[in-house]
Amino acid sequence: MNKITRRQALGTTAGALTVLGIAGATAHAAATDSRASLPTGTVDEVYQGRRIQITPGGGGHHGGHHGGGHDGLPTVRIDGSELHVMRNADDTWISVVNHYETFADPTSLARAAVRELQGAVLAPFAPMGGTA
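Residues numbered from 1 in each chain as written. Predicted model: local features only at pLDDT ≥ 70, side-chain atom pairs only at ≥ 80, totals over all residues. Heavy atoms only, no water.

Draft legend 1. Broad picture of the overall build of the protein chain. Scanning the protein chain for helices and strands turns up two helices and six strands. Each helix and strand of the protein chain, placed in order from N terminus to C terminus, yields the pattern α-β-β-β-β-β-β-α. When each of the 132 residues of the protein chain is scored for burial, the buried share is 29%. Look at the contacts in the protein chain between residues 6 or more apart in sequence, and 35% of them connect residues 24 or more apart. When the accessible area of the protein chain is evaluated, it comes to approximately 8700 Å², of which 57% is carbon and sulfur surface. (Helix = DSSP H or I, 4+ residues; strand = E, 2+ residues; numbered from the N terminus. Buried < 20%, exposed > 50% of the residue type's maximum accessible area, 1.4 Å probe, protein only. Contact = heavy atoms within 4.5 Å. Areas by Shrake-Rupley, 256 points an atom, 1.4 Å probe, with all protein chains shown as cover.)

This is the structure in structure tokens:
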């Protein structure tokens, strides 16, 4: 009678998980590539029960204010509240909710913010150095 050893079982499991991870990463990369043109498009979707709306930014000028269509950045809203977003020099995106995690596009960033909020309401963003 052939018995499988613990080492063989672990090796088989590790191999299967590796294959699944590669397949998942490939699928994610394909989805990310299809959204690469996002700042020029509009998104209106419901993700995990929250409404995400992304509209293209205007202008393209450079100034001291980010978000809300300034500097060519898209306006990202979660349930109608604006999510402050910033574009990094390497074309990745960050937000005030996920400031230390980068994302390939505004849609991925907004979905991550929804997950991080865990149902909480997005508080209004007040930039530093505002008018007194």
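Draft legend 2. Quick peek at unusual backbone geometry. The phi dihedral of Gln 48 is positive, around 50°, even though this residue is not glycine. Relative to the helices and strands, Gln 48 is located in the loop between strand 1 (43-47) and strand 2 (50-55). Residue Gln 48 is classed as exposed on the basis of its relative accessible area, which comes to 55%. Phi at Asp 79 takes a positive value of approximately 50°, unusual for a residue other than glycine.

Draft legend 3. Here's a closer look at helix 2 (residues 106-117). Here helix 2 contains 12 residues, and its C-alpha end-to-end distance of 16 Å stays within 8% of the 16 Å for a straight helix at 1.5 Å per residue. For helix 2, a buried count of nine out of 12 residues is recorded, marking the element as mostly surrounded by other parts of the structure. Among all positions of helix 2, only Pro 106, Thr 107, Ser 108, Leu 109, Ala 110, Ala 112, Ala 113, Val 114 and Leu 117 are buried. Check the buried side of helix 2 and you find it contacts strand 1, strand 2, strand 3 (75-78), strand 4 (81-83), strand 5 (85-87) and strand 6 (93-95). Gln 118 sits one or two residues past helix 2 and shows a positive phi near 50°. (Expected span 1.5 Å × (residues − 1).)

Draft legend 4. Quick peek at the side chain of Asn 98. Its place among the elements puts Asn 98 in the loop between strand 6 and helix 2. Discounting residues that sit within four places of it in the chain, Asn 98 has contacts with Phe 103, Leu 109, Ala 112, Ala 113 and Glu 116.

Draft legend 5. Structural context of the pairing of strand 2. Alternating positions in strand 2 separate cleanly, Arg 50, Ile 52 and Ile 54 being buried on one face and Arg 51, Gln 53 and Thr 55 remaining unburied on the opposite face. Sheet topology places strand 1 next to strand 2; five bridges connect them, and they run antiparallel. The partner of Val 46 across the bridge, within strand 2, is Arg 51. (Pairing = 2+ DSSP bridges.)

Draft legend 6. How the structure looks around the confidence of the model for the protein chain. Overall, the prediction assigns the protein chain a mean pLDDT of 76, with 63% of residues at 70 or greater. For residues 34-39, every residue scores under 50 in pLDDT, and the model assigns this stretch 12 contacts once sequence neighbours within four places are set aside. Considering only residues more than four positions removed or in separate chains, one finds that residues 59-69, a stretch of pLDDT under 50, has 22 contacts. (pLDDT = per-residue confidence, 0-100.)

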